[in-house]
Amino acid sequence: MSKGPGLFSDIGKKAKDLLTKDYLSDHKFSVYTYSESGVALTTSTVKKAGYSSGDVAAQYIYKNTSADLKVDTENNISATFTVTDIIPSSKTIATLKFPNYESGKLEFQYFHPHASLTAAVGHNQAPPIDLTVTLGTSTFALGAEAGYETTSGKLTKYTAGITVTKPDSCISVILGNKGDTITASYVHYMDELKKSAAVGEIARKFSTNENTITVGGSYAIDPLTLVKLKLNNHGSLGAVLQHEVIRKSFVTISSEFDTKALEKTPKFGASLTLRP
């Protein structure tokens, strides 16, 4: 495990990834290439609901600085510049977007063996400000997040979370949406590589008295093949089959359907990712 408590966004991330990552509803094809000059290029095409789109992304890393540029078929351009250790144990990230330039932001992250801090400010004339603080260690951490709107002087969000991490398990509790929802999750790993795991999540929305209970997991059939399943109390059942066809290149097939309404058309997704 890494040193320090990590970022606030890491709280509950292990369970969230198991229950959402690779559950696709579109068709995606991605190719990664690397030039001799050190530039990494990614070309992706996506087809969803009969509509196709694509993008080209480039990344260049030099010492403690990286630059990412992405252009898509909707004429959107985004650029991200990341510099580590401007001051020791820090990371500074600047994001620029066009034509929606007001969605860009500047973020600063600071890491300490017993704490982490992030501060982000938008690029528009009345920039929103987001702050997070996490205290603890790599095995126990608690943190909080807040968003502030400079025009109204009001808090747009506030969230608190706590997590306990062991080599073979992780439990997290997050109070979010201004105290309207609480989510508790537990992950237990079955092997040292953490490919096979079981996960459970309970989410309650106080304003509507609605509970969502989700169970799932992943299982490594062999070193190259992974299966994932999830089911919630509303009858949504999802499955993923992922196979490493060649080294670092994966084909993923996903499906999700409503067990309480079998007459509905299931959702299907697939992706092929090729890396050199």
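Residues numbered from 1 in each chain as written. Predicted model: local features only at pLDDT ≥ 70, side-chain atom pairs only at ≥ 80, totals over all residues. Heavy atoms only, no water.

As a further point, take the pattern of salt bridges. Inspection of every chain in the model, using the stated rule, returns five salt bridges. Between Asp 180 and Lys 205 there is a salt bridge, with its nearest N and O atoms 2.9 Å apart. Pair noted here: Asp 180 is in the loop between β12 (169-176) and β13 (181-189) and Lys 205 is in strand β14 (residues 197-205), with a separation of 25 residues, a long-range link. Classification of Lys 205 by relative accessible area gives partly exposed; the value is 31%. (Salt bridge = Lys/Arg side-chain N within 4 Å of Asp/Glu carboxyl O. Helix = DSSP H or I, 4+ residues; strand = E, 2+ residues; numbered from the N terminus. Buried < 20%, exposed > 50% of the residue type's maximum accessible area, 1.4 Å probe, protein only.)

A separate point is unusual backbone geometry. Omega for the peptide link from Phe 98 to Pro 99 comes to 5 degrees, which places this bond in the cis form. Mapped onto the elements, Pro 99 comes out in the loop between β6 (90-98) and β7 (105-112). Even without a glycine there, the phi angle at Ala 49 is positive, about 55 degrees. Locating Ala 49 in the fold gives a position in the loop between β2 (39-48) and β3 (51-62).

On to the pairing of strand β9 (residues 128-136), then. The pairing of strand β8 (residues 115-122) with β9 spans seven bridges and is antiparallel. Note on β9: the bridge partner recorded for Leu 117 is Val 133. Where β8 hands over to β9, the hairpin turn is made up of five residues, counted between the paired strands. As paired elements, β9 and strand β10 (residues 140-149) share nine bridges and run antiparallel to each other. Each bridged residue has a counterpart across the sheet, and for Thr 134 the counterpart in β10 is Gly 143. Following β9, the chain reverses through three residues before pairing antiparallel with β10. (Pairing = 2+ DSSP bridges.)

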